[in-house]
Amino acid sequence: MVVACAVMGAVMAAAGCGEPAAEPGAPASAAPSAQVPAGSPTALPPGDKSVTSVTATVTKGKVRIAGHRVKVPRGATVRITITSDAADEFHLHGYDRELELAPGKPATLQLTADIPGVFEAELHHSGARVFELQVG
Ligand SMILES: [Cu+2]
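Since this is a predicted model, take the numbers as computed values, not measurements.

A. Examining the sheet that holds strand 2 (residues 62-65) more closely. The four strands lie next to each other as 2-1-4-7, forming an open sheet whose pairing is mixed. At either margin of the open sheet sits one strand with a lone partner, and together these are strand 2 and strand 7 (107-112). When strand polarity is set aside, the average angle formed by the axes of neighbouring strands in this sheet is 20°. Relative to strand 2, strand 1 (residues 51-59) runs antiparallel, the two sharing four bridges. Looking at strand 2, one finds that valine 58 is bridged to valine 63.

B. Layout of the nonpolar core. Grouped together as the largest cluster of nonpolar side chains are 20 residues, with contacts concentrated most on Ile82, Phe90, Ala121, Val130, Phe131 and Leu133. Looking at this core, the elements with two or more residues in it are strand 1, strand 4 (77-84), strand 5 (88-92), strand 6 (97-101), strand 7, strand 8 (117-123) and strand 9 (129-135). A total of four residues in this core trace back to one element, the largest contributor, which is strand 9.

C. Representation of the pairing of strand 4. Residues Val78, Ile80, Ile82 and Ser84 of strand 4 are buried on one face, while the alternating residues Thr77, Arg79, Thr81 and Thr83, pointing to the opposite face, are not. Pairing geometry for strand 1 and strand 4, over eight bridges, is parallel. Residue serine 53 lies in a different strand from strand 4, and its bridge partner there is arginine 79. In terms of strand pairing, strand 4 meets strand 7 through six bridges, oriented antiparallel. Considered in strand 7, the bridge of arginine 79 is made with glutamine 110.

Reading the values: the criteria
Residues numbered from 1 in each chain as written. Predicted model: local features only at pLDDT ≥ 70, side-chain atom pairs only at ≥ 80, totals over all residues. Pairing = 2+ DSSP bridges. Helix = DSSP H or I, 4+ residues; strand = E, 2+ residues; numbered from the N terminus. Axes fitted to C-alpha atoms, helices over the stretch in contact; angles between N-to-C directions. Core = buried A, V, L, I, M, F, W, Y, C linked by C-beta atoms within 7 Å. Buried ≥ 20, exposed ≤ 12 C-beta atoms within 10 Å, placed from the backbone.

Written out as structure tokens, the structure is:
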């Protein structure tokens, strides 16, 4: 949500909402790929069972998704694919990862869920909430 974003931006003035925050303490686990740029393909083998896929479609600002709360164990790999009918910006709070969405083009973000908690994923332009990621 925009408000949450604004607050977050204020708290993390240096980073601002959307800027990839400086590493919040290097992940202690085996996650050396934390800084893979959004949209880059990763070296994960396809069909890996530890990957949780989240797929959402956005039409006229309305989000269609299988479940609005996505629960994963800590350390899981989460692959988020979003297709929007309008240009937008996807933002996963907490992890501070972003995806630029081009109209009609699926965009994919993959991350290691190594921060426990509940994090909101939203679209900046439409303000739509996409889902919540619950880790741990
Ligand atoms: Cu945001």
